[in-house]
Amino acid sequence: MDLGISGKRAVVCAASKGLGRGCAMALAEAGVNLVINARGAEALEETAQAIRDAHGVEVTAVAADITTEEGRAKVLEAAGEADILVNNAGGPPPGMWQDWDREDFIKALDGNMLAPIAMIQALVPAMMDRGWGRVVNITSQSVKAPIPVLGLSNAARAGLTGFVAGTSRQVAGSGVTINNLLPGIHATDRAVSLDKGVADQQGITPEEAKAQRCKSIPAGRYGTAEEFGAACAFLCSGHAGFIVGQNLLLDGGGVNSTL
């Protein structure tokens, strides 16, 4: 399918690995020129070159921490008149509700709520002026079904979801859509880290922890960055202009709900 976005310009945050890289690759396959961001310069440039080699699009790599004002300024300087924004940032660490103090919550909010809102506020007005734009926020399945040990993430991502619910309906009439992708477990570094935590806690191997988690997923496996990226690219496409303020689960059926 021709997604109708060849020649567009996209900003993809946290794109050197995992789901962000999957989104960047899928957009590049559709002919989109990219500004990609991550904190680690070496891994980011490796990803940028891999995308150039695979798809021949223009890729600008900006090594910066998107959760800081300084980092966002660097990315926005390179972004120019971006047509597409994919917000993404690593999630806060797991823990128990009594472990966290105010600073832990502020850090989580900065990374997973306030940073993406700041990027939306910076880029969407020009999209509205041009009459076309796409924003996709990578959040979490925990927005639909909170995960007890991820209370910091639950709180921050739910806040972003509420902001998007209202804002998306205010900008849709100008040709700009804002939606959220809610990943369940995918085969990324984050999954490796979570499996190791479970393994250490239960005295089993990481492989056993992964097999145990797969049994709880109706699809029977972890998702891939490639299929996640394909879903992102569709939401960014010319065919998705009537999808507004939605939260799309990509979790292999893990969240058991009707809606």
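Our structure's up above, just so we're on the same page.
The rules behind each value
- Residues numbered from 1 in each chain as written.
- Predicted model: local features only at pLDDT ≥ 70, side-chain atom pairs only at ≥ 80, totals over all residues.
- Heavy atoms only, no water.
- Axes fitted to C-alpha atoms, helices over the stretch in contact; angles between N-to-C directions.
- Helix = DSSP H or I, 4+ residues; strand = E, 2+ residues; numbered from the N terminus.
- Parallel < 35°, antiparallel > 145°, perpendicular 65-115°, else oblique.
- Left-handed = near helix turned anticlockwise from the far one by under 90°.
- Contact = heavy atoms within 4.5 Å.
- Nonpolar A, V, L, I, M, F, W, Y, C, P; charged D, E, K, R; others polar.
- Phe/Tyr/Trp six-rings, centres within 6.5 Å; stacked < 30°, edge-to-face > 60°.
- Buried < 20%, exposed > 50% of the residue type's maximum accessible area, 1.4 Å probe, protein only.
- Lys NZ or Arg CZ within 6 Å of the ring centre and 35° of its normal.
- Expected span 1.5 Å × (residues − 1).
- Arc of directions from axis to C-beta.

Peer 1: Mind showing me how you'd approach the packing of helix H1 (residues 18–29) against helix H2 (residues 41–55) here?
Peer 2: Two packed helices can be described by the angle between their axes and the distance between those axes. Contact geometry of H1 with H2 gives a least axis separation of 10 Å together with a crossing angle of 25°. In terms of orientation, H1 lies roughly parallel with respect to H2. The interaxial crossing formed by H1 with H2 has right-handed handedness. Judged by residue contacts, Arg-21, Ala-24, Met-25, Ala-28 and Glu-29 of H1 engage Thr-47, Ala-50, Ile-51 and His-55 from H2. In terms of residue class, the contact of H1 with H2 is made up of five nonpolar, two polar and two charged.

Peer 1: Just checking my understanding: could you explain the packing of aromatic side chains for this structure?
Peer 2: The geometry of an aromatic ring pair is captured by two quantities: the separation of the ring centres and the angle between the planes. Enumeration according to the criterion identifies one aromatic pair in this entry. Between Trp-100 and Phe-105, the ring centres sit 6.1 Å apart and the planes meet at 85°, which makes this aromatic pair edge-to-face. The class of Trp-100 is buried, set by a relative accessible area of 15%. Taking relative accessible area as the criterion, Phe-105 reaches 33% and is therefore assigned partly exposed. Geometry around Trp-132 places Lys-8 over its ring, the cationic atom sitting 4.2 Å from the centre. A cation over an aromatic ring shows up here: Lys-210 above the ring of Tyr-222, its NZ or CZ 5.1 Å from the ring centre.

Peer 1: Even after reading the chapter, I still don't get unusual backbone geometry, so can you show me in this structure?
Peer 2: For residues that are not glycine, phi is negative in most cases, and the peptide bond is trans in most cases. One non-glycine residue, Ala-14, adopts positive backbone phi at about 50°. By secondary structure assignment, the location of Ala-14 is in the loop between strand E1 (9–12) and H1.

Peer 1: Mind showing me how you'd approach H2 here?
Peer 2: Working note: α-helix, 3.6 residues per turn, so residues spaced by three or four point in the same direction. Helix length check: H2, at 15 residues, gives a terminal C-alpha distance of 21 Å against a target of 21 Å (1.5 Å per residue), a fit within 8%. Of all the residues in H2, the buried ones are Leu-44, Thr-47, Ala-48 and Ile-51. Across the axial projection of H2, the buried residues extend over an arc of 100°, all falling on one side. Summarising the geometry of H2, the exposed residues directed more than 90 degrees from the buried face are Glu-42, Glu-46 and Asp-53. Buried positions along H2 lie against H1, strand E2 (33–38) and strand E3 (59–63).

Treat this as a map of the structure, not an account of what it does.
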